[in-house]
Amino acid sequence: MNVRKPLLVLALSLLLGNGVAVAAAADFDNGVKAAQSGDYKTALAEWIPLAEQGYANAQYYVAYLYLNGNGVPQNYKTARQWFTQAAEQGNADAQYNLGVLYANGKGVPQNAETAVKWFTKAAEQGQAEAQYNLGLTYDKGHGVSQNDKIAVKWYTKSAEQGQAEAQYNLGVMYQNERGVPQNYKIAVKWYIKSADQGFAHAQSNLGLMYINGYGVSRNDKTAAKLFTLAAEQGYPVAQYNLGNMYSTGNGSGVPRDDKVAVKWYTKAAGQGYSDAQYNLGVMYRKGKGVSRNDKTAFKWHTKAATQGHAGAQYFLGFMYYDGYGFFKDKLRAYMWFTLAGLNGNSSSIDSRLKVAKIMSPAQIDKAQEMSIRCLKSHYTDCENGSLLDRMLQILN
């Protein structure tokens, strides 16, 4: 969760009323002007006396300076103290930011329930970021019981105020029938609103809606444009999907171009996206868009396989069986075929039986032990200690 940057605008509603208050308003205004010009030390000097007198807006801005280290050393505890004073007076932005501090354990022990308390107070005053984060807590069940309907309620309130992440999440809820009846057209509506603000996740999902014709007429060219917008922002899902479009060509909205496909697969794979790592391994194994290189194919298949990608595990088993990339190893071939089968790759069953025919009972027992250890470790202990790491170091 990100702390919302406050708008440095003059807020006099709590400061007017008598001569003293008018003077305080002038001091507050001087602080605003100083902050807008980047002179945070002067802003702090103007706001601190007002904050100590109990003016909530000044307390909020002092807290924000400490939160970001503007004009003072960054200090989350001091920020939390000033946010708390402002929040207890009903300042919605302070309530929201205080919730963020509790959610992330900054300046206070992490406490999801207390975060929800302050998000709720701010959200009920119409603070859009708080409404989004409150929707997120109910969506994920952080500090509250998971509840899709309540998540939708708060996402909607935030989305209607133009919050891009809330608009995207609301689209996801309508697309996947979570807390609301499934409605692709409404999902598309919210994806468009979010995508128009440049939110990459929404651009990518909207691209998928156009590819599949969900809620809109199918249009691969529009999908390609949307994927490109999201991919250029570094979103790996869009980079992967754009790679698929260039790899396929033939009416997919872009001309077939294996080199461009490799470019986008590489970008997504470098961010750890397992489907892209697998496809990139295939491109190197087949020499499509790049010179054929079994060792590089082995590297990318291994990265995907150790994230649980069944297809990569299957081909990694073949590479060990045939000796592509490094060396033949019946035990590891058996292990990866076993893991691929457990993850739903039906072709690996016959392959495992094939390699088992040339293994001794002791070797099969050892390979099964390796498979169990690998699975229990969530793929962090699959290669007898550091062998895999050593091989990947060689390849890198």
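This text gives an overview of the structure that appears in the document.

Parameters and conventions
Residues numbered from 1 in each chain as written. Predicted model: local features only at pLDDT ≥ 70, side-chain atom pairs only at ≥ 80, totals over all residues. Heavy atoms only, no water. Helix = DSSP H or I, 4+ residues; strand = E, 2+ residues; numbered from the N terminus. Buried < 20%, exposed > 50% of the residue type's maximum accessible area, 1.4 Å probe, protein only. Contact = heavy atoms within 4.5 Å. Areas by Shrake-Rupley, 256 points an atom, 1.4 Å probe, with all protein chains shown as cover. Disulfide = S-S within 2.5 Å. Axes fitted to C-alpha atoms, helices over the stretch in contact; angles between N-to-C directions. Parallel < 35°, antiparallel > 145°, perpendicular 65-115°, else oblique. Left-handed = near helix turned anticlockwise from the far one by under 90°. Nonpolar A, V, L, I, M, F, W, Y, C, P; charged D, E, K, R; others polar. Salt bridge = Lys/Arg side-chain N within 4 Å of Asp/Glu carboxyl O. Polar contact = N/O pair within 3.5 Å; in protein donor to acceptor, adjacent residues only side chain to side chain. Phe/Tyr/Trp six-rings, centres within 6.5 Å; stacked < 30°, edge-to-face > 60°.

## Regarding the overall build of the protein
Part 1 of the argument: Secondary structure summary: the protein contains 21 helices and zero strands in total.
Part 2 of the argument: The burial tally for the protein puts 50% of its 396 residues in the buried class.
Part 3 of the argument: Across the protein, contacts joining residues at least 24 apart in sequence account for 50% of those joining residues at least 6 apart.
Part 4 of the argument: Only carbon and sulfur atoms are counted for the fraction: they give 48% of the accessible area of the protein, which is about 18,400 Å².

## Re the state of the cysteines
Part 1 of the argument: Under the counting rule described, the total for this entry stands at one disulfide.
Part 2 of the argument: Disulfide pairing places Cys374 opposite Cys382 at an S-S distance of 1.9 Å. Since a negative S-S torsion denotes a left-handed disulfide, the Cys374-Cys382 link at about 65° is right-handed. Each member of the pair, Cys374 as well as Cys382, is classed as buried.

## Some points on the packing of helix α7 (residues 128-140) against helix α8 (residues 148-159)
Part 1 of the argument: Running from amino to carboxyl end, α7 crosses α8 at an angle of 160°, the nearest separation of the two axes being 8 Å. The pairing of α7 with α8 is recorded here as roughly antiparallel in orientation. Note on packing geometry: the crossing formed by α7 with α8 is left-handed. Across the interface between the two elements, Ala128, Gln131, Tyr132, Leu134, Gly135, Leu136, Tyr138 and Asp139 from α7 touch Asp148, Ile150, Ala151, Trp154, Tyr155, Lys157 and Ser158 from α8.
Part 2 of the argument: Here the contact of α7 with α8 is built from residues that sort into nine nonpolar, three polar and three charged.

## Describing the pattern of salt bridges
For side chains of opposite charge, pairing can occur when their charged atoms come near one another.
Part 1 of the argument: Using the criterion set out here, one finds nine salt bridges in the structure.
Part 2 of the argument: The salt bridge involving Asp139 is made with Arg178; its shortest N-O contact spans 2.6 Å. Of this pair, Asp139 sits in helix α7 while Arg178 sits in the loop between α9 (164-175) and α10 (184-195), and the two are 39 residues apart along the sequence.
Part 3 of the argument: Exposure remark for Asp139: the relative accessible area of 8% places this residue in the buried category.

## Examining the side chain of Gln59
Part 1 of the argument: Mapped onto the elements, Gln59 comes out in helix α3 (residues 56-68).
Part 2 of the argument: Of the residues examined, Gln59 reaches a relative accessible area of 1% and is grouped as buried.
Part 3 of the argument: Within polar-contact distance, the side chain of Gln59 engages the side chain of Gln89 at 3.0 Å.
Part 4 of the argument: Those residues in contact with Gln59 that lie beyond four places of it in its chain are Ala51, Gly54, Trp82, Gln85, Ala86 and Gln89.

## Observations regarding the packing of aromatic side chains
Part 1 of the argument: Taken as a whole and assessed by the stated rule, the structure comprises 19 aromatic pairs.
Part 2 of the argument: Here Tyr314 and Phe318 contribute two aromatic rings whose centre-to-centre distance is 5.2 Å and whose plane-to-plane angle is 85°, an arrangement assigned as edge-to-face. Here the residue Tyr314 and the residue Phe318 both occupy positions in helix α17 (residues 310-322), the gap between them amounting to four residues, near one helical turn.
Part 3 of the argument: The exposure class of Tyr314 is buried, given its relative accessible area of 14%.

Everything listed is a geometric property; what it means functionally is a separate question.
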